[in-house]
Amino acid sequence: MPKPTQDDANAPKLTINDIAALAGVSKKTVSRVINQSPLLNQATREKVEAVIRDTGYTPNPQARALALGRNFLIGLVYDNPNQQMILNMQRGALEALHDTEFELVIRPVDRGSAKVMDDIRSFIVRQRLYGVIILPPLSENDAIARICSEEGCRYVRMGSAVLDDPEHMVVSNDREAVAEAVRHLIQQGHKRIGLIAGPHGFRSAKERREGFELALSEAGISLPRSLIADGQYTFESGVSACESLLDLSPRPTAIFASNDEMAAGVLYAARLRGIEVPDQLSIIGFDDTPITSRVWPPLTTVRWPIVAMGRAAALKLIGTAIGEGADVSEPSTFTSTLIRRASVAPPPQG
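Residues numbered from 1 in each chain as written. Predicted model: local features only at pLDDT ≥ 70, side-chain atom pairs only at ≥ 80, totals over all residues. Heavy atoms only, no water.

The name an unreviewed UniProt entry gives the protein chain is LacI family transcriptional regulator, with Sphingomonas montanisoli as the organism.

Listed below in structure tokens is the structure:
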């Protein structure tokens, strides 16, 4: 007599008890197979997996969550004004979770709040998260990683510098990438180069500023404090910072903005003053968000591989749960690269 299958239109929905009976094992053994428990011999595992495969049985996710003591939820925790970065991180994580039992739960928090640690702990416990991706600058706080460990929750931290063991990190080479971008400006003949820095307290802002300073130092170019303007990773702060740089005499012939939102603000501020880009002012940003190829002129920028980092972060969390044979050796280090478009030219003569 053929085994019933999940696809039989008139057949009742198969349960874990049915699979146990068909395989000639206990319900607990089937549960162990479904939940990837190592407490089984290979022959028993293969026998149960064959029954599951032949019947098309789909485990109940609620029952699996109860057995694991976790829901099939991956949290994404952030407090960052760079909305495009957050969207790209979501996109990468969702690509990794596609066709799995896992879902993504987004949780913004206020890192300036006295209750931020309690809020994060409550989120992990209340949602019974399987794992959590922590975005900068929150990821730079070791106390948040400790909270995850204390609550038995897997975690991956995203950063612009190494903050943890490889299994808990996805990291980009911001300092080297910015140094390369500034070297490109220097090779074009620029010596008076302005910097719009990122927010204080962000490791990415620190790494990018150090890359900027490194390239100038290598070329023997001094950096007056007046050529550094503070930004907040927002378009408006880019406009304001650019205005302060353009008020200088002599003004800079090139500006590196620490993200694309601010670089777009630089382009806007220059346009308001009738300053031609790139003939009178060269601009480089960081991120390679869609805005860079939609403005005129298209902006030269550093491509930050956020989607790939988001995908890898999610796969690091769920790799052992998505089936035997899954490739779980995800990279931890990602390389940012300079994308040359039309916003850089040699400085004006005279």
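Take the overall build of the protein chain next. When you go through the protein chain residue by residue, the secondary structure sums to twelve helices and twelve strands. Residues counted as buried form 52% of the 350 residues belonging to the protein chain. Within the protein chain, counting contacts between residues at least 6 apart in sequence, those at least 24 apart form 71% of the total. For the protein chain, the computed accessible surface area is about 16200 Å², with 50% contributed by carbon and sulfur atoms. (Helix = DSSP H or I, 4+ residues; strand = E, 2+ residues; numbered from the N terminus. Buried < 20%, exposed > 50% of the residue type's maximum accessible area, 1.4 Å probe, protein only. Contact = heavy atoms within 4.5 Å. Areas by Shrake-Rupley, 256 points an atom, 1.4 Å probe, with all protein chains shown as cover.)

Here we take up the pattern of salt bridges. Overall, the coordinates contain 17 salt bridges when judged by the stated rule. With its nearest N and O atoms 3.5 Å apart, the salt bridge here joins Glu-95 to Arg-91. On the criterion of helical spacing, the pair formed by Glu-95 and Arg-91 is a turn pair, its members being four residues apart in helix H5 (residues 83-97). On the basis of relative accessibility, which here comes to 36%, the residue Glu-95 falls in the partly exposed class. Using a relative accessible area of 48% as the deciding quantity, one classes Arg-91 as partly exposed. (Salt bridge = Lys/Arg side-chain N within 4 Å of Asp/Glu carboxyl O.)

Here Ser-26 shows up in the loop between helix H1 (16-23) and helix H2 (27-34). Here the side chain of Ser-26 touches Thr-29 through a polar contact of 3.0 Å, side chain to side chain. (Polar contact = N/O pair within 3.5 Å; in protein donor to acceptor, adjacent residues only side chain to side chain.)

Quick look at the sheet that holds strand E12 (residues 337-339) now. In space, the six strands of this open sheet follow the order E7-E6-E8-E9-E10-E12, with mixed pairing throughout. Here the strands that pair on one side only, and so sit at the sheet edges, are strand E7 (228-230) and E12. Shown here is a sheet whose adjacent strand axes are inclined to one another by a mean of 20°, direction ignored. Looking at chain direction, strand E6 (residues 193-197) and E7 are connected through three bridges and run parallel. By the bridge assignment for E7, Leu-195 is matched with Ile-228. (Pairing = 2+ DSSP bridges. Axes fitted to C-alpha atoms, helices over the stretch in contact; angles between N-to-C directions.)

Because each turn of an α-helix spans 3.6 residues, side chains separated by three or four positions in sequence point in the same direction. If you check helix H12 (residues 306-318), its first and last C-alpha atoms are 19 Å apart, about what 13 residues at 1.5 Å a residue would give, namely 18 Å. Ile-306, Val-307, Met-309, Gly-310, Ala-312, Ala-313, Ala-314, Leu-315, Lys-316, Leu-317 and Ile-318 are the residues of H12 that are buried. Along its buried surface, H12 packs onto strand E1 (73-78), H5, strand E3 (131-134), strand E4 (154-159), strand E5 (169-172) and strand E11 (333-334). (Expected span 1.5 Å × (residues − 1).)

This brings us to the nonpolar core. In terms of nonpolar packing, the biggest core is built from 50 residues, with Ile-74, Ile-133, Leu-135 and Met-158 touching the most fellow members. Sort the elements by how many residues they give to this core and H12 lands first, with eight residues. Looking at which domains feed residues into this core, each of domain 2 (68-172 + 306-336) and domain 3 (174-304) supplies at least three. Ignoring any residue separated from it by four or fewer positions in sequence, one finds Met-158 in contact with Met-85, Met-89, Ile-134, Leu-135, Pro-136, Ser-139, Leu-163, Val-170, Trp-304, Ile-306 and Met-309. (Core = buried A, V, L, I, M, F, W, Y, C linked by side-chain atoms within 4.5 Å. Domains from an automatic or database assignment.)

An order of E2-E1-E3-E4-E5-E11 is seen for the six strands of this open sheet, with the pairing classed as parallel. Either end of the sheet is taken by a strand with one partner, and the two such strands are strand E2 (103-108) and E11. As judged from the two bridges shared by E5 and E11, these two strands associate in the parallel manner. Across the sheet, residue Val-171 finds its bridge partner in E11, namely Thr-333. Relative to the sheet, H5 contacts E1, E2, E3 and E4, its axis offset from that of E2 by approximately 160°.

With that settled, the discussion passes to the environment of Ala-241. Note that Ala-241 resides in helix H10 (residues 235-246). Taking the C-alpha atoms as reference points, Ala-241 and Ala-269, separated by 28 residues in sequence, lie 9.2 Å from one another. Those residues in contact with Ala-241 that lie beyond four places of it in its chain are Ile-196, Ala-229 and Asp-230.

Right, let's talk about H1 for a bit. Those residues of H1 that sit buried are Ile-16, Ile-19, Ala-20 and Ala-23. Taken down its axis, H1 places every buried residue within 100° of arc, on the same side. Summarising the contacts, the buried residues of H1 are in contact with H2 and helix H3 (42-55). Two residues or fewer past H1, Gly-24 is found with a positive phi of approximately 70°. (Arc of directions from axis to C-beta.)

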